[in-house]
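# Structural features, examined
If you want the building blocks of each chain, they are given just below.
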Amino acid sequence: MYKVRRWVVRHSQAFETIYNWLEQGLVKLHPVMQKIGYQRLEKPVAIFEKLCKGLLFDCKMCGDCALSATGMSCSMNCPKNIRNGPCGGVRQNGNCEVQPEMRCVWMDAWQGSQSMRAGKQIHAVQLPVDHTLQGSSAWLRKVREVVVKQEQSSK
Amino acid sequence: MIFHDEPTPGEMLPILEGHTSAGRLERVLRAGLFAVTSELSPPDSADPQEVYDRAQIFDGFVDGMNATDGSGANCHMSSVGMCALLTRIGYAPIMQISCRDRNRIAIQGDVLGGAAMGVTNMLCLTGDGVQAGDHPQAKAVFDLDCMSLLETIRGMRDKGEFLSGRRISTPPKVFLGAASNPFAPPHDFRPYRLAKKIAAGAQFIQTNYCFDVPRFKEFMARSRDLGLLEKVFILPGVGPMASAKTATWIRNNVPGIHIPDTVITRLAGAKDQKREGQKLCVELIQQLSEIEGVSGIHVMAYRQEEAVADIIKCSGVLQGRTPWYPGRDQQRLQESYKT
Ligand code: SF4
């Protein structure tokens with residue numbers, strides 16, 4: 001929902017904190033999830049994730065989530081799917097070139113990132129989206145990434 | 001300046017030390033000369049002569065011509081097609097690549113094809129949305145964006161790999177460009193976005209129409225503070241407006257173009273608005289060329305292409321230099337025989 005996602009951006013800092021907790025919590029659950037099997041968890045988690053993130057961010061379930069680097073404003077809502085916005089077409093009132101009644105997703109991203117602790121991440125170049133991940137759970141993927149990293153650093 | 005190893009069409013110049021391409025644009029910029037590029041609008045036709053006629057107008061005044069890729073989301077002859085024709089006779093086009101119409105498979109293929117034909121400059125754009133053009137029913141692709149496109153081509157050139165990691169036996173040796181619009185909000189983010197483009201591989205930048213000089217100066221100052229000016233060649237965009245009415249229309253209908261009221265009032269108050277528009281363009285070029293970090297100028301004179309030569313001449317930015325064009329050296333030779 002448009003209004004909710006604008007509200008989220010205004011509270012990007014709080015959502016950043018919630019997201020960090022969520023990540024830590026899920027990483028702690030890793031042994032349990034591994035036992036159940038990530039394959040088996042994929043579908044129910046993806047459905048739940050779609051519900052939550054759909055409501056909050058108008059998430060498109062690209063599976064390649066970059067919210068933390070985009071001020072909690074989902075860049076897949078940009079009509080040009082720009083992962084490294086904003087484009088040069090932003091209107092003088094800050095609205096989108098393609099959808100004049102919508103605020104540019106990247107105006108929000110810039111605003112949101114300003115109050116986030118990891119706001120500097122917006123300056124990193126995002127690589128092309130991996131379309132094979134479409135519809136999959138970004139949370140589960142993230143957890144596995146974090147776990148792999150932890151294991152590597154402890155070696 | 002004359003490069004004595006001027007091209008035989010179809011044959012590449014040697015790549016100089018510290019250069020990434022064999023192109024003349026890169027040579028001119030790296031030699032510290034003031035470069036001029038212009039927009040070459042593609043014909044709605046399958047006749048090659050129309051492309052040559054359009055290119056010839058700029059002979060002796062530009063170092064590179066942008067072969068646009070469906071700009072404004074309107075359908076015309078393709079950028080690759082134009083480049084094929086232009087390189088055949090030795091021109092040095094800047095091949096625009098927009099992400100709107102093709103996915104990563106098609107684009108990477110075009111990059112190799114373009115480079116094989118002798119294209120040495122490529123400009124990476126996200127592209128206008130399909131709603132802006134004459135085929136709003138079309139499916140927009142946007143598989144990549146300008147930034148990931150830059151990264152992709154840089155990877156092809158420097159690592160010799162496709163995005164997939166597969167090897168390329170002869171990498172495309174190209175000079176990479178990108179666009180920037182210092183006049184669109186959020187203004188404070190624009191210099192950072194420029195930094196991002198440089199990090200992704202941009203070596204030269206062409207900007208949107210630049211009518212608001214103070215704002216541009218501000219943008220350049222911020223970019224200097226970020227240490228960007230040594231890393232990239234910046235060519236601000238300029239162009240003559242035919243009348244106050246055209247300027248107002250463009251301001252209201254073309255995404256991302258900012259024209260201050262003062263410009264419109266000045267045009268409206270002139271007797272000959274077209275001439276005034278050209279005069280203003282000359283003044284802008286002169287003002288912009290004075291700004292620290294400006295390496296050249298990009299002229300977009302849609303439907304006033306024939307005025308470009310005069311505008312460049314009046315501005316004096318070439319300082320007596322005649323950029324190469326097919327036939328330039330033969331012409332000089334003949335002239336020297338006569339005298
Ligand atoms: S104006 Fe903003 S939301 Fe609209 S296409 Fe450009 S970057 Fe995307």
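### With respect to the overall build of chain B
Each helix and strand counted, chain B has 12 helices and eight strands in total. In terms of C-alpha radius of gyration, chain B reaches 19 Å, essentially the compact-globule figure of 20 Å for 339 residues. Dimensions of chain B along its principal axes, counting C-alpha atoms only, are 60 × 60 × 45 Å. Surface accessibility of chain B: about 14400 Å² in total, with carbon and sulfur atoms responsible for 52%.

### A closer look at the packing of aromatic side chains
Under the definition given, this model contains 10 aromatic pairs over all chains. Ring centres of Trp110(A) and Tyr192(B) lie 5.9 Å apart, and the angle between their planes is 40°; this geometry places the pair in the tilted category. In this pair, Trp110(A) is assigned in helix H5 (residues 105-114) and Tyr192(B) in helix H6 (residues 190-200), connecting two distinct chains. Given a relative accessible area of 9%, Trp110(A) falls into the buried group. Chaining the aromatic ring pairs together yields one cluster made of Trp7(A), Phe15(A), Tyr19(A) and Phe57(A).

### Remarks on the nonpolar core
Residue and element names in this part refer to chain B. Ranked by internal contacts, the top residues of the largest apolar core, which has 84 residues, are Phe216, Ile259 and Ile312. Element by element, the count of residues in this core is highest for helix H10 (residues 273-289), at six residues. With residues up to four places along the chain from it excluded, the contact list for Ile259 reads Phe211, Met241, Ala247, Ile250, Arg251 and Ile264.

### What to know about the site of the ligand
Taken together, Cys78(A), Pro79(A), Lys80(A), Pro86(A), Cys87(A), Val90(A), Cys96(A), Glu97(A), Cys104(A), Val105(A) and Trp106(A) are the residues near the ligand. Of the residues assigned to the shell around the ligand, the class counts are nine nonpolar, no polar and two charged.

### Thoughts on a nonpolar patch on the surface
The grouping of Leu29(A), Val32(A) and Ile36(A) at the surface amounts to a nonpolar patch, some 240 Å² of accessible area in total. Secondary-structure assignment places Leu29(A) in the loop between helix H2 (12-28) and helix H3 (30-36).

Rules of the game
Residue positions are counted from 1 within each chain, in the order its sequence is given. Throughout, the order in which chains and ligands are written sets their labels, letters from A for the former and numbers from 1 for the latter. Only residues with pLDDT of at least 70 get local features here, since the model is predicted, and only at 80 or more are side-chain atom pairs given and counted; chain-wide, interface and lining totals rely on the full set of residues. Side-chain measures were taken over the full set of non-hydrogen atoms in the model, leaving aside hydrogen atoms and water. Helix numbering and strand numbering both begin at the N terminus, where a helix is a DSSP run of H or I of at least 4 residues and a strand a DSSP run of E of at least 2. Restricting the calculation to C-alpha atoms gives the radius of gyration, and the globule rule supplies 2.2 Å times the number of residues raised to the power 0.38. In this description, accessible areas are obtained by the Shrake-Rupley approach with a 1.4 Å probe, and a residue is regarded as covered only by the protein chains that are shown. Here a pair means two rings of Phe, Tyr or Trp (six-membered ring of Trp) with centres within 6.5 Å. Their orientation is stacked below 30 degrees between planes, edge-to-face above 60, and tilted elsewhere. When a residue's accessible area, from a 1.4 Å probe over protein chains only, is under 20% of the maximum for its type it is buried; when over 50% it is exposed; and in between it is partly exposed. Among buried residues, those of type Ala, Val, Leu, Ile, Met, Phe, Trp, Tyr and Cys that are joined through side-chain atoms within 4.5 Å constitute a nonpolar core. Note on contacts: a residue pair qualifies if any of its non-hydrogen atoms lie within 4.5 Å across the two residues. Near, as used in this document, describes a residue that has one of its heavy atoms within 4 Å of the molecule or strand being considered. Amino acids are sorted into nonpolar (Ala, Val, Leu, Ile, Met, Phe, Trp, Tyr, Cys and Pro), charged (Asp, Glu, Lys and Arg) and polar (every other residue, Gly among them). The patches described consist of residues with a relative accessible area above 30% and no salt bridge, like charges being joined within 9 Å and nonpolar side chains (Val, Leu, Ile, Met, Phe, Trp, Tyr) within 5 Å. Any carboxyl oxygen of Asp or Glu that lies within 4 Å of a side-chain nitrogen of Lys or Arg is treated as forming a salt bridge with it.

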